[in-house]
Every structure is written in C-alpha cells, then in structure tokens.
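Here is what each chain is made of, one letter per residue.
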Amino acid sequence: MPEGHSIHRLARQFQDTFVGQSVRATSPQGRFAEGAALLDGHVPVESIAHGKHFFLTFDHGHTLNVHLGMYGAWTFGGDHTFTVASSIGAPRRIGEREIHRESADPAHPRPDDGRSPSAGAPGDAVAGRAAAEPPEPTPTTRVRLVTQHGWADLVGASICRVLTPDEVEQVRSNLGPDPLDPQADAGEFVRRASRTGRAIGAVLMDQSIIAGVGNIFRAETLFRQLIDPHRPARSLSDQELRGLWEDLVLLMGIGVRRGRIITTAPEHRPGVPEAEAWPEHATYVYQRQGQTCLVCGTTSRDGADAIVVEEMVQRKLYRCAVCQA
DNA sequence: TAAGGATGTATAC
DNA sequence: TATACCTCCTTAC
C-alpha cells in the first residue's frame, strides 16, 4: 500500500475538497452498498489520517474508515474549484509517484506521460476535460463520493467500512504514534520498541508500535541511521530509537510535501539535481540490490552484493551489508 | 497473453 | 509460517 504519507495527503485532499459539502455516496461495485447508504446525503466534517488508516467523519457521527491495503487507490476529479485532481494509492512504480492532473481545464490538458495504461485508469478520467462529473464506474469501483464540485472513486481497498465513534477509538487505540502527527509522542515509540526483543526491522513495520511506516521507509531509515535491521529492538539505545523516529518525521514529511518518497540527500545523487527524473536515485537501498551503494560506493565485496535483499516478516528487506554491518 | 509482483494486514494452522 | 484478500502494472513468453 501507499505508506503513511500518502494517507495524510489523502486526508488533506478530502479536507480541502469534501469537508463541508453534501455528499452523494454510492457503491457501483455493490460491495459497499450498505455503508454507502449510511453516508449518502450527509456532510463530512473531519478528515483524519492515523498511520495508514483514513477516517472521514460525517455530520451524523458516522465515520468512513478506509485502509488501502496493498492495492487500494482513490481517484479524484472536479471542476475548477476542485483544486487537485489526482490519484492517491498504489502507483506500483519505484519512488511512489502519484498521477497528477493539476488542471482539468480543457484548454491546458496535461500531456500524457506515456505510461498511462488505458482509458479509465486512475488519473485518466480527468485528463483534458472538465471533470465535474465522474466517468463511468468500472466493475471494481467500491465507493463513489460525489459533491457539487467533484468526485472521488475508491478501488481495491482492504478495509472500507462505516464506524461509530467508539469503534473509531478502538481502531485508533491499536495504532502506535504516527511520525506525521505533530502531537505524537516520540517517547511512546521508544518505550514500545525497547520492550521487545524482535528485530528492529520487524518492529518498524508493527503498526501498534509506530503507525504509518511501510516497507520503503523501514529500509531507508535503517540505512540512513546505519542500523542493521536484524538487531533486536531492545538492543538499540534510546538515542538510536529517537534517531529513527526523528528521521522518519523528516522523511515522511518530505513524502507528504512532494507526493513521493525521496530519501537520498542531494550529495548522494551526483549530478542529479532533481530526483524526479531518476527514480533509481530516490532511495538508498529499496529495490537497489546489486547496485552500487550511493554512500560507501561498494558494489560487491568478496563476490557478494553490497546491497542485498532478503525476507523479513514476509516482506522484502533491503540493506547495505557494508554500511549497516 | 500470462504470470508475477507490489508501498499491507488479517486469519488460520 | 502460509495463505487469502484483491487490483493492476511490469515483465516474460
């Protein structure tokens, strides 16, 4: 799934374009028909992200709770008052790029970037035409929310449900502090992490210890902090754990602002002023196994790759065996 | 055209 | 630890 920064962007998008507007809610696919009926005709009053969970609370107290899982994605479109028409979800490309259509103005259509697969794909719906009205739903459109000025379609989510206030609290109580929450308590992360003997590489993926970190941020922050992912979390000093937290605050904040994950410092992208053009330089270790480490310059040592990939907790774990020894 | 994989997590054994 | 969920893009044939 998109990691936490994408969900925070999503929450901001809903805050800007849906909160305060009466919403027509439907489930073209049918799998969310009951939930849509509960929300139809109501007005969103608050849009929140906690880790990878999205909560949209309506004027009658019900909350739409969406978790995008591995494949979920939202697509947006709207008229000129609907500021950002974009797709937020699983882009399935290195670097976590969202599909942007900054303007729905037919006079200034965005050129096709050559990778848009086919009509009806996320992002295409609003290309080059006024998009106050949504396109024909596909057989996978789980939810469609429409206001006077725009629309949002959801496909592929692993969780899509309507919760009561108590149920929202219950879900949130199972989530650890979120580095993207200005009110979050770093000490709480340190306390929770230092209680476990599990590998720090696994602990960073545990949403009850720290919320919003996914496979890319885990690999990248452990590299940047020069920590071997296999070390038991308990063996890390408070300073090391705080270092991870502070680095995640920084990296995830960049992700929110830029809509992509970029973890490399400019000095580690020699001759590459804009990381956008070089997805292979946006991360230090994620999906860079066998390539030359951007920091230590090692490609292989004693016949083995410097940047290696292995499995940890059923996910691919990337690290530089030289830097993170 | 088919197979495989992906930023995730819940559930069962 | 393995599988199911569920979508679609990339790579292989």
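Right above here is the structure, for reference.
Note that the coordinates shown come from a computational prediction; the quantities given were computed from them, not determined experimentally.

Participant: Got a minute to help me understand the overall build of chain A in this structure?
Facilitator: Helix and strand content of chain A: seven helices and 14 strands. For chain A, with 325 residues in total, the buried portion stands at 51%. Long-range contacts, defined here as pairs at least 24 residues apart, represent 59% of the contacts in chain A between residues at least 6 apart.

Participant: I would appreciate a short explanation of the packing of aromatic side chains in the present structure.
Facilitator: Each aromatic ring pair is specified by the distance between its two centres and by the angle formed by the two planes. Per the stated rule, a full pass over the model turns up nine aromatic pairs. Here the aromatic rings of Phe-14 and Phe-18 are separated by 4.8 Å at their centres, their planes lie at 45°, and the arrangement is tilted. For Phe-14, a relative accessible area of 0% corresponds to the buried category. Looking at Phe-18, the relative accessible area reads 0%, which means it is buried.

Participant: It is not clear to me how the packing of helix 4 (residues 186–194) against helix 7 (residues 238–258) should be interpreted in this structure. Could you clarify?
Facilitator: Any two packed helices are characterised by the angle at which their axes cross and by the distance between the axes. In contact at an axis separation of 9 Å, helix 4 and helix 7 are set at 125° when each is read in the N-to-C sense. When the interaxial angle is binned, helix 4 and helix 7 end up oblique. Like other packed secondary-structure pairs, helix 4 and helix 7 cross with a definite hand, here right-handed. Contacts from Ala-186, Gly-187, Phe-189, Val-190, Ala-193 and Ser-194 in helix 4 reach Asp-238, Leu-241, Arg-242 and Trp-245 in helix 7.

Participant: What am I meant to see in the pattern of salt bridges here?
Facilitator: Where charged atoms of side chains with opposite charge meet at close range, the side chains can pair. Enumeration over the complete set of coordinates arrives at ten salt bridges. For Asp-185, the salt bridge identified is with Arg-191, shortest N-O distance 3.2 Å. With its nearest N and O atoms 3.0 Å apart, the salt bridge here joins Arg-191 to Glu-188. Highlighted residues: Arg-191 and Glu-188, both in helix 4, separated by three residues, approximately one helical turn. Judged by relative accessible area, Arg-191 falls into the partly exposed class, the value being 43%. The exposure class assigned to Glu-188 is partly exposed, which follows from its relative accessible area of 22%. When salt bridges with common partners are traced through the structure, they connect Asp-185, Glu-188, Arg-191 and Arg-192 into a single cluster.

Participant: How should the state of the cysteines be read in this particular structure?
Facilitator: Cysteine pairs can be covalently joined through their sulfur atoms, and such a bond is termed a disulfide. Within the structure shown, the criterion is met by zero disulfides. With no disulfide partner, Cys-320 has as its closest neighbouring cysteine sulfur the one in Cys-323, 3.8 Å distant.

Participant: Please clarify how the nonpolar core should be interpreted in this entry.
Facilitator: Soluble globular proteins: nonpolar side chains tend toward being buried together. Counting 38 residues, the largest nonpolar core has Phe-189, Ile-200, Leu-204, Leu-241, Val-285 and Cys-320 as its most contacted members. Elements represented by at least two residues in this core include exactly helix 4, helix 5 (200–203), helix 6 (215–224), helix 7 and strand 14 (315–320). Looking at this core, the element that brings in the most residues is helix 7, giving seven residues. Among all residues touching Phe-189, those that are not within four sequence positions of it are Pro-177, Leu-204, Ile-209, Ile-210, Leu-241 and Trp-245. In terms of nonpolar packing, the next biggest core, distinct from the first, is built from 28 residues, Ala-36, Phe-58, Ile-88 and Cys-160 among them.

Parameters at a glance
- The residue count restarts for each chain, going from 1 along the sequence in the order it is written.
- Chain letters and ligand numbers both follow the written order, the letters beginning at A and the numbers at 1.
- The predicted nature of this model means local features are confined to residues of pLDDT at least 70 and side-chain atom pairs, given and counted, to a pLDDT of 80 or more, with totals for whole chains, interfaces and linings taken over all residues.
- Derived side-chain values reflect all non-hydrogen atoms in the structure, with water molecules and hydrogen atoms excluded from consideration.
- Secondary structure elements are taken from DSSP: a helix is a run of H or I of four residues or more, a strand is a run of E of two residues or more, and numbering for both begins at the N terminus.
- For each residue, the accessible area found with a 1.4 Å probe, counting protein chains only, is set against the maximum for its type, and the residue is called buried under 20%, exposed over 50%, and partly exposed in between.
- For this analysis, residues touch if any pair of their heavy atoms sits within 4.5 Å.
- Here is the rule: rings of Phe, Tyr and Trp (six-membered ring for Trp) pair when centre to centre is within 6.5 Å. Planes less than 30 degrees apart are stacked, more than 60 are edge-to-face, and the remainder are tilted.
- Angles here are taken between N-to-C directions and fall from 0 to 180 degrees, while the axes themselves are lines fitted to C-alpha atoms, restricted in helices to the stretch in contact.
- For classification purposes, angles smaller than 35 degrees are called roughly parallel, those larger than 145 roughly antiparallel, those between 65 and 115 roughly perpendicular, and all remaining angles oblique.
- Working rule for handedness: look at the near helix, and if it is turned counterclockwise from the far one by less than a right angle, call the crossing left-handed; if clockwise, right-handed.
- Salt bridges are identified by distance alone: a Lys or Arg side-chain nitrogen within 4 Å of an Asp or Glu carboxyl oxygen.
- Two cysteine sulfur atoms make up a disulfide if the distance between them is within 2.5 Å.
- Definition of nonpolar core: a set of buried residues of the types Ala, Val, Leu, Ile, Met, Phe, Trp, Tyr and Cys, connected through side-chain atoms within 4.5 Å.

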